[in-house]
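Inside the fold
Each chain is listed here by its residues.
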Amino acid sequence: MDSLSDNALMLQVKEGQLDKLGLLFERYNKSLYGFFYRLTLDREVSEDLVQNVFLRMMKYKHSYKGDGQFKTWMYHMARNLFADHYRKNKKMGYKEDVEVTDKYFRNESNAESNRIQREEMDLLQHAMNQLTFEKKEVLILSKYQEMRYKDIADLLGITESAVKVRIFRALKDLKMVYMQLEAAPSAQ
Amino acid sequence: MEEIYMSMITEFIDGTLSPEREKEFQQYVREGHIDMAEVEEMAKLQGVMLNSSTPEPSSALKENFYQMLNEAQEKQPQANNGSSLLEKIKSFLFANQYGRMAFGIGLLVIGLFFGTTLGNSSYKEELSDLNGQMVEMREMMMMAMLEKESVSDRLKGVQMSSQLSSSNQKVIDALFLTLNSDPSTNVRIAALNTLAEFANDPKVREGLVNSISKQKSPLMQVNLAELMVKLQETKAKDELNSILENDQTPEDVKMTLKASIEKII
C-alpha cells in the first residue's frame, strides 16, 4: 500500500504519529474550508470548523478503521460539526438579526445601499443560498468538492441514483432562482 | 419527469455517461422525454459554478492548526514511533539522553581507570580509542536528536553537531538533510549556521549552493544569499538568479537577493 495515501497516513496518526496529520491537513484544509465557507458564508466560522474537523480526527483516531474512503470519513465529521454549529446558532436566538435590522433602519438611504450591496453580492452565491440545505449540500459536494456519486451516496446514506436525482433537482432549482435574480437583480 | 431521466441528465452534464448510455440518452431526447434546451441551460449554469473563484482560508488557519498539533504532540506520552531501525536500537540500549550521557561518561571513567592502572604502554592507545568512542557517541546522539519530533530537541541536535569535526561525512549529510527538509525554519537556520562553520570544505560549499534552490522560505533564501556573499561563492549566482526569476518570490526578497548577487564578484 502506498505509505502516503490518505488511508495509510490516517492509520499512522492512529498509531500515535500525530505529525502525519499535518500532511492530511495540507491536503484537505482548503477543500474543507471551501465546503464550510459555501455553507456558512462566514470566514471565521469556516476556519473554526476546519480546525475542529482535525481536532475531532485526533480525538476519534482510534475509531478509524481504514476500510472505507478517508475522505468520506472526514466529510462525515465535517457534516456533524456543521450540524452542531447550526443548532447552536439557532439556539443563540436573534441577536444577529437585530443588528442587521438596526443597521438598515439607521441608514436613511437604506434602499439605495441595499440595492448596491445586492448587485455586488455574488449572484451565484446568492442563488445557492436560496436553496434548501439538502440541495445546497449535494451541489457543493458534487460540483465543488468533486466527490464521486458513490462517495456522496455513502456519506449521505442514500443510493447512488438518489444522489443523481438530487443533484438534478438541485441544479434545476438553482437555475430557476439564478435566472430570476439575473432578470431582476434589485428585486426583493 | 421520471427519475431515470433525471439521473441521466446529471450524468450527461457531468460527462460520466458511458457511450451506450449516451446513445440511450439521445434516444430519449428524440422521443421528447428529455428537453435538450433545458439540459443545455443547466450545463451552462454548472459551467458558471465551476468557474467561480475558490474561497481561500487565511494564514491564521494554518498557524492555529500547527499550534494545536504541537500542543497535542507535547501532551502525548513519548511513545516509540519506530521511525527508524537506528532509533529503535538506540532507544533499546539507552532509555533517554541522560542515560546515554551517563553511559559515555562511564566508559570514559572506566577507560581512564584501566589506562592509569595498566601502565603507560597501552595508555595512549586506550585514550585515543576512548576519544574515538566519545566522538562516535556524540554523533549517534546528535543524529538521534535530529530525528526527534520536538523542535527544541532538533535544535539541540544541531548545536551538538557544531562541536564535532567537519571531517565526518555522516554528520555533514545529517545536517544537510536537516537544512533541506526540516519543517521548522528555526532548525533550518541553525543547521545553516553550523554548516557555515564548515564552509572551508569544498563539498560543504557545493552542498550549500545546491540548497539555495530547495529553500521555499524567504528567510532562508535571504540567509543563504548573505552567506554566499561572505563566502564569495560565485557558483551561487545561477541559483540565486533562478529564485529572482520565480514569480512567487516576494519583492522584498528579490531586492535583497539582487543586492547580494551584486556583492559577489
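The shown structure was predicted, so the numbers you read here are calculated from the model rather than taken from an experiment. (Residues numbered from 1 in each chain as written. Chains lettered and ligands numbered in written order. Predicted model: local features only at pLDDT ≥ 70, side-chain atom pairs only at ≥ 80, totals over all residues. Heavy atoms only, no water.)

With that out of the way, let us pick up the overall build of chain A. For chain A, the count of helices and strands is ten helices and zero strands. In chain A, which comprises 188 residues, the proportion classed as buried is 44%. In chain A, of all internal contacts separated by at least 6 residues, the share reaching a separation of at least 24 is 60%. (Helix = DSSP H or I, 4+ residues; strand = E, 2+ residues; numbered from the N terminus. Buried < 20%, exposed > 50% of the residue type's maximum accessible area, 1.4 Å probe, protein only. Contact = heavy atoms within 4.5 Å.)

Let us look at helix H3 (residues 36-51) of chain B. For H3(B), which comprises 16 residues, the first-to-last C-alpha distance of 22 Å matches the rise-based estimate of 22 Å (1.5 Å per residue) to within 8%. Of the residues making up H3(B), those classed as buried are Glu38(B), Val39(B), Met42(B), Leu45(B), Gln46(B) and Met49(B). In an axial view of H3(B), the angular spread of the buried residues amounts to 125°, which keeps them on one side of the axis. Exposed and facing more than 90 degrees away from the buried side of H3(B) are Glu40(B), Lys44(B) and Asn51(B). Those residues of H3(B) hidden inside the fold are in contact with helix H7 (123-130), helix H8 (133-144) and helix H10 (160-183) of chain A together with helix H1 (3-14) of chain B. In this structure Asp35(B) caps H3(B), since a side-chain oxygen of it lies 3.1 Å from the backbone nitrogen of Ala37(B). (Expected span 1.5 Å × (residues − 1). Arc of directions from axis to C-beta. Polar contact = N/O pair within 3.5 Å; in protein donor to acceptor, adjacent residues only side chain to side chain.)

The next thing to look at is the nonpolar core. The tendency in soluble globular proteins is for nonpolar side chains to be buried side by side. Core analysis: the biggest nonpolar cluster contains 74 residues, and Leu21(A), Phe54(A), Met57(A), Phe70(A), Tyr75(A), Leu139(A) and Leu174(A) have the highest contact counts within it. The residues that make up this core include at least three from each of domain 1 (1-92) and domain 2 (122-188) of chain A. Sequence-distant contacts of Leu139(A), that is, excluding residues within four places in its chain, are made with Met128(A), Leu131(A), Tyr144(A), Ile167(A), Ala170(A), Leu171(A), Leu174(A) and Met49(B). Counting residues in each nonpolar core, the second largest holds 42 residues, with Met145(B), Phe176(B), Ala199(B) and Ile243(B) among its members. (Core = buried A, V, L, I, M, F, W, Y, C linked by side-chain atoms within 4.5 Å. Domains from an automatic or database assignment.)

What follows is about the interface of chain B and chain A. Contacts between chain B and chain A engage 38 residues on the former and 39 residues on the latter. Taking both partners together, chain B and chain A bury about 3,600 Å²; carbon and sulfur atoms supply 65% of that area. At the boundary of chain B and chain A, one finds eight salt bridges. Inspection of the region where chain B meets chain A yields 15 residue pairs in polar contact (both at pLDDT 80 or more). Of all elements in the fold, only H1, H3 and helix H4 (59-75) of chain B reach the threshold of two or more residues within the side of chain B that touches chain A. Ranked by residue count, the leading element in the side of chain B that touches chain A is H4(B), at ten residues. In the side of chain B that touches chain A, the residues fall into 18 nonpolar, twelve polar and eight charged. (Buried area = accessible area lost by both parts, 1.4 Å probe. Salt bridge = Lys/Arg side-chain N within 4 Å of Asp/Glu carboxyl O. Nonpolar A, V, L, I, M, F, W, Y, C, P; charged D, E, K, R; others polar.)

A word on H10(A). Taking 1.5 Å of rise per residue, 24 residues should cover 34 Å, and H10(A) covers 35 Å from first to last C-alpha, within 8% of that figure. Among the residues making up H10(A), those that are buried are Val163(A), Lys164(A), Val165(A), Ile167(A), Phe168(A), Ala170(A), Leu171(A), Leu174(A), Lys175(A), Val177(A), Tyr178(A) and Leu181(A). Contacts made by the buried residues of H10(A) are with H7, H8 and helix H9 (149-156) of chain A together with H1 and H3 of chain B.

The next subject is the confidence of the model for chain B. Across chain B, the average pLDDT comes to 82, with 88% of residues at or above 70. Interface scoring of the predicted complex returns ipTM 0.77; its pTM is 0.53. (pLDDT = per-residue confidence, 0-100.)

Right, let's talk about the packing of aromatic side chains for a bit. Scanning the model with the defined rule gives 16 aromatic pairs over all chains in all. Each ring, one from Phe65(B) and one from Tyr66(B), has its centre 5.0 Å from the other, and the planes form 75°; the classification is edge-to-face. An aromatic cluster is built from Phe25(A), Phe54(A), Phe65(B) and Tyr66(B), whose rings are joined through pairwise contacts. Sitting over the ring of Tyr144(A), Arg38(A) keeps its end group 3.5 Å from the ring centre. One Lys or Arg, Arg43(A), reaches over the ring of Tyr37(A) and ends 5.1 Å from the middle of that ring. (Phe/Tyr/Trp six-rings, centres within 6.5 Å; stacked < 30°, edge-to-face > 60°. Lys NZ or Arg CZ within 6 Å of the ring centre and 35° of its normal.)

Take the pattern of salt bridges next. Taken as a whole, this structure holds 19 salt bridges over all chains when the rule is applied. A salt bridge links Arg56(A) to Asp84(A); the nearest nitrogen and oxygen atoms lie 3.2 Å apart. Of this pair, Arg56(A) sits in helix H3 (residues 43-59) while Asp84(A) sits in helix H4 (residues 70-91), and the two are 28 residues apart along the sequence. For Arg56(A), a relative accessible area of 22% puts it in the partly exposed group. Here Arg148(A) makes a salt bridge to Asp151(A), at a shortest N to O gap of 3.3 Å. Each of Lys172(A), Lys175(A), Glu38(B) and Glu41(B) takes part in one network of salt bridges that share partners.

With that settled, the discussion passes to a nonpolar patch on the surface. A grouping of Met101(B), Ile105(B) and Val109(B) is seen on the molecular surface, where their side chains present a nonpolar patch of about 270 Å² in accessible area. One can find Val109(B) in helix H6 (residues 97-117). (Patch = residues over 30% accessible without salt bridge, like charges linked within 9 Å, V, L, I, M, F, W, Y side chains within 5 Å. Areas by Shrake-Rupley, 256 points an atom, 1.4 Å probe, with all protein chains shown as cover.)

Attention shifts here to the packing of helix H13 (residues 236-245) of chain B against helix H14 (residues 251-263) of chain B. All names here are of chain B. Here H13 crosses H14 at 155°, and the two axes come no closer than 10 Å. Classified by the interaxial angle, the pair formed by H13 and H14 is roughly antiparallel. The way H13 lies across H14 gives a crossing that is left-handed. Residues Lys237, Leu240, Asn241, Ile243 and Leu244 of H13 form the contact with H14, whose participating residues are Lys254, Leu257, Lys258 and Ile261. (Axes fitted to C-alpha atoms, helices over the stretch in contact; angles between N-to-C directions. Parallel < 35°, antiparallel > 145°, perpendicular 65-115°, else oblique. Left-handed = near helix turned anticlockwise from the far one by under 90°.)

This next bit is on the packing of H7(A) against H8(A). Residues and elements named next belong to chain A. Two numbers describe how H7 lies on H8: the axes approach to 9 Å, and their chain directions differ by 135°. One finds that H7 runs oblique with respect to H8. Of H8, the residues touching H7 (which contributes Leu124, Met128 and Asn129) are Lys136, Leu139, Ile140 and Tyr144. Here the residues of the contact of H7 with H8 sort into five nonpolar, one polar and one charged.

Among the secondary structure elements, Lys254(B) is positioned in helix H14. Not counting residues up to four positions away in its chain, the partners in contact with Lys254(B) are Leu244(B), Asn246(B) and Thr249(B).

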